[in-house]
Amino acid sequence: QVQLVESGGGLVQAGDSLKLTCAASGRTFSATAMGWFRQAPGKEREFVAVFSWSEEGRYYADSVKGRFTISGDSAKNTVYLRMNSLNPEDTAVYYCAAVGGPYNNPLSDHEYDYWGQGTQVTVSS
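Residues numbered from 1 in each chain as written. Predicted model: local features only at pLDDT ≥ 70, side-chain atom pairs only at ≥ 80, totals over all residues. Heavy atoms only, no water.

*Asks:* Please set out the side chain of Thr91 residue by residue, giving values where relevant.
*Replies:* For Thr91, the position within the fold is in the loop between β8 (78-83) and β9 (92-99). In terms of polar contacts, Thr91 uses its side chain to reach the backbone carbonyl oxygen of Pro88, at 3.0 Å. A distance of 2.9 Å separates the side chain of Thr91 from the backbone nitrogen of Val123, its partner in a polar contact. Once you skip the residues sitting within four places of it in the chain, Thr91 turns out to touch Ala40, Gln120, Val121, Thr122 and Val123. (Helix = DSSP H or I, 4+ residues; strand = E, 2+ residues; numbered from the N terminus. Polar contact = N/O pair within 3.5 Å; in protein donor to acceptor, adjacent residues only side chain to side chain. Contact = heavy atoms within 4.5 Å.)

Printed below as a string of structure tokens:
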């Protein structure tokens, strides 16, 4: 069984920064991509960013481009999300997700095999 454990969420003020960490553990597992999604109250879960080891690429939602940076460490099966210039619209539960094989669209949550429990990010104005 593969487990994803997120950390780094919290309560911050608008303009502040946070760094989320997601580590995959469990049976032998090598992620081909790991990403972050978020869900705000009353809204559907949405894509935030993905780091692809198989494509050596990074993809971001338009709403976070230029503010968020995703990075990864394949040896540790860990992905990070650095979030700068946070605003109240970024308030949500942030979920880490991982895919262990080939995929077509890393921006779609349907592609992911494993999910973390989520970490709350709250940005006050």
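*Asks:* Break down the sheet that holds strand β7 (residues 68-73) for me, with residues and values.
*Replies:* In space, the four strands of this open sheet follow the order β1-β3-β8-β7, with antiparallel pairing throughout. Two strands lie at the open edges of the sheet, namely β1 (2-7) and β7, each paired on one side alone. Neighbouring strand axes in the sheet, compared pairwise and without regard to direction, differ in orientation by 15° on average. Strand direction decides the pairing type here: β1 and strand β3 (residues 18-26), joined by six bridges, are antiparallel. When the bridges of β3 are listed, Val5 appears paired with Ala23. (Pairing = 2+ DSSP bridges. Axes fitted to C-alpha atoms, helices over the stretch in contact; angles between N-to-C directions.)

*Asks:* I'd like a description of the state of the cysteines, backed by residues and values.
*Replies:* For the coordinates displayed, the defined rule picks out one disulfide. The side chain of Cys22 participates in a disulfide bridge whose partner is Cys96; the two sulfur atoms lie 2.0 Å from each other. For the disulfide bridge between Cys22 and Cys96, the dihedral angle about the S-S bond is near -80°, and by the sign convention the bridge is left-handed. Taken together, the residues span a long stretch of sequence, with Cys22 in strand β3 and Cys96 in strand β9 at a distance of 74 residues. Look at Cys22 and you get buried, because its relative accessible area is 0%. For Cys96, a relative accessible area of 0% gives the class buried. (Disulfide = S-S within 2.5 Å. Buried < 20%, exposed > 50% of the residue type's maximum accessible area, 1.4 Å probe, protein only.)

*Asks:* Help me get a handle on the packing of aromatic side chains, residues and values and all.
*Replies:* Tallied over the entire structure, the rule returns five aromatic pairs. Ring centres 5.3 Å apart and planes at 80° place the aromatic pair Phe37 and Tyr112 in the edge-to-face group. With Phe37 in strand β4 (residues 33-39) and Tyr112 in the loop between β9 and β10 (114-115), this pair connects stretches of sequence that are 75 residues apart. For Tyr112, a relative accessible area of 7% puts it in the buried group. Measuring from centroid to centroid gives 5.2 Å for Phe37 and Trp115, while their planes differ by 55°, and the two rings are tilted. Of the two residues, Phe37 sits in strand β4 while Trp115 sits in strand β10, which places them 78 residues apart along the sequence. Among the residues examined, Phe37 registers a relative accessible area of 2% and is labelled buried. Accessibility expressed as a relative area gives 27% for Trp115, which makes it partly exposed. Grouping aromatic residues by their ring pairs yields a cluster made of Phe37, Phe47, Tyr112 and Trp115. (Phe/Tyr/Trp six-rings, centres within 6.5 Å; stacked < 30°, edge-to-face > 60°.)

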